[in-house]
There are 2 protein chains.
Amino acid sequence: MPKICQNAKNNYESSFMMFKKIYIFGLGMMGASLAKAIRYKKISNKIYGYDINKKNLFYAKKNNIINELESNNYEHLSESDFIILCTPISAYKSSMNIINKYKKDDAIITDIGSTKESIDILSKKIFENHNDIFIGSHPLTGKEISSITNSDKDIFNNQIVLLTPNTSTKKSLINKVTRFWKSLGCKTRIIGAKLHDDILSITSHLPHLVSFALVKIILNKKYISKIEEYTGGGFRDFARLAHSDAKMWEDICSNNPKNIVSSLDKIITELNLLKSNIKNKKFKKLANYFNQTKLKLEKK
Amino acid sequence: MPKICQNAKNNYESSFMMFKKIYIFGLGMMGASLAKAIRYKKISNKIYGYDINKKNLFYAKKNNIINELESNNYEHLSESDFIILCTPISAYKSSMNIINKYKKDDAIITDIGSTKESIDILSKKIFENHNDIFIGSHPLTGKEISSITNSDKDIFNNQIVLLTPNTSTKKSLINKVTRFWKSLGCKTRIIGAKLHDDILSITSHLPHLVSFALVKIILNKKYISKIEEYTGGGFRDFARLAHSDAKMWEDICSNNPKNIVSSLDKIITELNLLKSNIKNKKFKKLANYFNQTKLKLEKK
């Protein structure tokens, strides 16, 4: 079994002013939450921000989420030590091209996208010294409402960030970005981009798609005026997933299609099995299915 | 459109000693939680309890969850004004027969089962004056761990209870059981048993089955040692559903098979649609699917 998941080094260093200037490229809910957390934890002297949507940009400046907004010519981008790509994945290509054109030679870059393999491939194409400057990150945190007004400095506390270096990624880069996430209060895990996309297609992408489908069915049901009148707490939490940003989920599906199709096949098979057991009154088999799953879950 | 959901009367009466003697038939997590809540809210002078499992019975007495345990001859059952059936649904037939044999003439009965139509039919068969004494209840609350040691007086606070009278159920019975649930802090809704089973097959039974299936797939995935290392908060809450009692879900499936099979068909159709759109790179269609669902959800 490949060594896929190792705790990153524990040699925690003071996060204080880890970077002089951090650049947040994309100020949606996640980008702005990052800026707030960085400011709160005092990880850099300056936080610069950019967003194609001027409303977000002005909101971020006005509310002191960032120190300076990028107004033109990408002058702040060219001063920054650490650039965090927080746009939708579909905007990565143009964003990376801008970053590549204006960044300092020794600036390092990460992103927060929910798929990793296609991003790694793209980065290799765009950044000449990819292995020295780019490493993918995926913080397993978020909020359903994706607007900047919903940003929150606390969403990173105690959450897991998956880092996806390739075999040639510079060790010091991995350590630096690991320390950054740890200084935000996150726990980090190292995993290859390919395996990341495979595992997350099951643990994250599939549950989200299932939530959209379940909520759609419930909303189409006659006589249900309010979902919460007929659902318990567990499902209400799950249904929140269907508030997620549609564009983000389009991007995730288009960047991880093979794994997601295979995960959908898996659940369709399971649901057909459950259906067939119910139809054929094989209730002992059903009980066994539930029991085995529950027992296995409790052992984990 | 039939009037399926109406707020029960608001003429809240003091709950103080609403019943002299309440009998909890089945002391699992739910039954014991009910006993604790009844005691805490001072709804009856005495709470009697019975469980086929002597361990539960002695635990309940020792921990003052009930005032008296039923030791033999069902003498406490024959004194009780209000009997709440909290056994697994598969034990209802034998439990109702016992209740019918020993209960006082004017005792009233409810249950807390997750399906309602088959229970209503059973009750009609067993209790001669069914419409005067029995009404089904379904509190939309619970905990994943079903043991008595996990019982909790607070699980009813502010939760919804669906009451399922039939058209001939005595009005005063509906009002009395409604007041009981309200005095525990619940909100009540009236719905026919048939429609209850139809709606709940989608809003509760389907999400639970999907959770079992999702968790099974995740647990079968190589390289995942801990689910929480690769999942966000929304899914973790949802995955808790798969901790639910296997026997309870066997009973639910065997008591509501037609509706559940139809609900499974619905979600399989949706998941096949999503799969086909991803496979055929119809990402705009996908985005539209997500967006429409999200918008509709936000309007609710």
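Everything quoted here is computed from the prediction, not taken from an experiment. (Residues numbered from 1 in each chain as written. Chains lettered and ligands numbered in written order. Predicted model: local features only at pLDDT ≥ 70, side-chain atom pairs only at ≥ 80, totals over all residues.)

Draft legend 1. Quick peek at the relation of the copies chain B and chain A. With an RMSD of 0.0 Å, chain B superimposes on chain A once it is rotated by 180 degrees and translated 0.0 Å along the axis. Taken together, the rotation and translation describe the operation of a two-fold axis. Looking at the rotation axis and the C-alpha trace of chain B, the residue lying nearest is Phe238 of chain B, at 2.6 Å. (Least-squares fit on C-alpha atoms with pLDDT ≥ 70 in both.)

Draft legend 2. Geometry of the pairing of strand 3 (residues 44-50) of chain B. Residue and element names in this part refer to chain B. Counting buried positions along strand 3 yields five of seven residues, so the element is predominantly enclosed. Note: strand 2 (residues 19-25) against strand 3, six bridges, orientation parallel. Looking at strand 3, one finds that Phe25 is bridged to Tyr50. At this point the chain moves from strand 3, through helix 2 (residues 54-62), to the parallel strand 4 (residues 68-69), and the crossover so formed is right-handed. (Buried ≥ 20, exposed ≤ 12 C-beta atoms within 10 Å, placed from the backbone. Helix = DSSP H or I, 4+ residues; strand = E, 2+ residues; numbered from the N terminus. Pairing = 2+ DSSP bridges. Right-handed = clockwise from strand over helix to strand, strands pointing away.)

Draft legend 3. Quick peek at the packing of helix 7 (residues 193-220) of chain A against helix 10 (residues 257-279) of chain B. Two elements in contact, helix 7 of chain A and helix 10 of chain B, have axes whose closest approach is 9 Å; the angle formed by their N-to-C orientations is 130 degrees. Of the possible angle classes, the one that applies to helix 7 of chain A and helix 10 of chain B is oblique. In this structure, helix 7 of chain A meets helix 10 of chain B at a crossing whose hand is right-handed. Note on element contacts: helix 10 of chain B touches helix 7 of chain A through Lys266, Ile267, Glu270, Leu271 and Leu274 of chain B, opposite Leu209, Ala213, Leu214, Lys216 and Ile217 of chain A. Across the contact of helix 7 of chain A with helix 10 of chain B, the residue classes break down as seven nonpolar, no polar and three charged. (Axes fitted to C-alpha atoms, helices over the stretch in contact; angles between N-to-C directions. Parallel < 35°, antiparallel > 145°, perpendicular 65-115°, else oblique. Left-handed = near helix turned anticlockwise from the far one by under 90°. Contact = placed C-beta atoms within 7 Å. Nonpolar A, V, L, I, M, F, W, Y, C, P; charged D, E, K, R; others polar.)

Draft legend 4. Representation of the domain arrangement of chain A. Residue and element names in this part refer to chain A. As assigned here, chain A comprises domain 1 (6-191) and domain 2 (196-293). Each partner contributes to the interface: domain 1 provides 15 residues, whereas domain 2 provides 15 residues. Every element with two or more residues in the side of domain 1 that touches domain 2 is listed here: helix 4 (117-126) and strand 8 (160-164). (Domains from an automatic or database assignment.)

Draft legend 5. Quick look at the environment of Tyr50 of chain B. Residue and element names in this part refer to chain B. As for its position among the elements, Tyr50 is in strand 3. For Tyr50, a count of 25 C-beta atoms within 10 Å translates into the label buried. Remark: the alpha-carbon pair of Tyr50 and Asn280, spanning 230 residues in sequence, is separated by 59 Å.

Draft legend 6. Quick peek at the interface of chain B and chain A. Listed per partner, the contact involves 73 residues of chain B and 74 residues of chain A. Contributions of two or more residues to the side of chain B that touches chain A are made by helix 7 (193-220), helix 8 (233-239), helix 9 (246-255), helix 10 and helix 11 (283-299) of chain B. The element best represented in the side of chain B that touches chain A is helix 7 of chain B, accounting for 18 residues. When the residues that make up the side of chain B that touches chain A are grouped by side-chain class, the tally is 45 nonpolar, twelve polar and 16 charged.

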